[in-house]
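Architecture and fold: a report
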Amino acid sequence: MNTYQQKWIETLAHANLQNWVIKPQGDDIFVELPHVTDLKLIRDNLPETIGLMALDIVVPKRRLKFIFHNGYEQFEYLLNPAA
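The rules behind the values
- Residues numbered from 1 in each chain as written.
- Predicted model: local features only at pLDDT ≥ 70, side-chain atom pairs only at ≥ 80, totals over all residues.
- Heavy atoms only, no water.
- Pairing = 2+ DSSP bridges.
- Helix = DSSP H or I, 4+ residues; strand = E, 2+ residues; numbered from the N terminus.
- Phe/Tyr/Trp six-rings, centres within 6.5 Å; stacked < 30°, edge-to-face > 60°.
- Buried < 20%, exposed > 50% of the residue type's maximum accessible area, 1.4 Å probe, protein only.
- Lys NZ or Arg CZ within 6 Å of the ring centre and 35° of its normal.
- Axes fitted to C-alpha atoms, helices over the stretch in contact; angles between N-to-C directions.
- Contact = heavy atoms within 4.5 Å.
- Polar contact = N/O pair within 3.5 Å; in protein donor to acceptor, adjacent residues only side chain to side chain.

**Examining the pairing of strand S4 (residues 74–79)**
As judged from the 6 bridges shared by strand S3 (residues 64–69) and S4, these two strands associate in the antiparallel manner. Across the sheet, histidine 69 pairs through a bridge with glutamine 74, a residue of S4. Count of turn residues in the S3/S4 antiparallel hairpin: 4 residues, of which glycine 71 carries a positive phi of about 95 degrees.

**Quick look at the packing of aromatic side chains**
A ring pair, where both rings are aromatic, is described by two values, the distance of the centres and the angle of the planes. Inspection of the entire model under this criterion finds 5 aromatic pairs. Ring geometry for tyrosine 4 versus tryptophan 8: centroids 6.5 Å apart, planes at 85 degrees, classification edge-to-face. Pair noted here: tyrosine 4 and tryptophan 8 are both in helix H1 (residues 3–13), with a separation of 4 residues, about one helical turn. A relative accessible area of 4% means that tyrosine 4 is categorised as buried. An aromatic cluster of three or more residues is present, and its members are Tyr4, Trp8, Trp20, Phe66, Phe68 and Phe75. Residue placement shows arginine 43 over the ring face of phenylalanine 75; its charged tip is 4.9 Å from the ring centre.

**Re the side chain of glutamine 5**
Inspection of the secondary structure assignment puts glutamine 5 in helix H1. Among the residues examined, glutamine 5 registers a relative accessible area of 0% and is labelled buried.

**A look at the sheet that holds S4**
Spatially, S1-S2-S3-S4 is the arrangement adopted by the 4 strands of the open sheet, whose pairing is mixed. Looking along the sheet, the strands with just one partner apiece sit at the ends: strand S1 (21–25) and S4. Sheet twist, expressed as the mean angle between neighbouring strand axes with direction ignored, is 20 degrees. The sheet contact formed by S1 and strand S2 (residues 28–32) spans 5 bridges and is antiparallel. Counterpart to isoleucine 22 in the pairing with S2 is valine 31. Contacts between H1 and the sheet are confined to S1, S2, S3 and S4, with S1 contributing the most and set at about 175 degrees to the helix. Its contacts with the sheet place helix H2 (residues 39–54) against S3 and S4, and it is angled at close to 10 degrees to S4.

**Some remarks on the environment of threonine 37**
Note on placement: threonine 37 falls in the loop between S2 and H2. Among the polar contacts listed, one links the side chain of threonine 37 to the backbone oxygen of proline 34, at a separation of 2.8 Å.

As C-alpha cells, this is what we get:
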C-alpha cells in the first residue's frame, strides 16, 4: 500500500461513515456501502466531497481509483488521473 492510498484510507475511516467498509484493493481503494445506499447521490456529490477531504492530505499526490459498491451496483472514481 502506498502512502497516498494509506492517508486516504485513514481520512475516510476518521470521517465516521456509518457501516462503510473501506479497504485497499491493490493500488485502489474499495468502499463497500450499505445495500440501501443511493449510489447516484454519492456519485453526484463525490467530486466536491473528495476535494474538501483532499485538503487534509499533505503527502505527494498519486493516481488513485476509488471503487464504490453497494452490493448491487458499483462505480469508480479516478483521482489525479494524470499522476
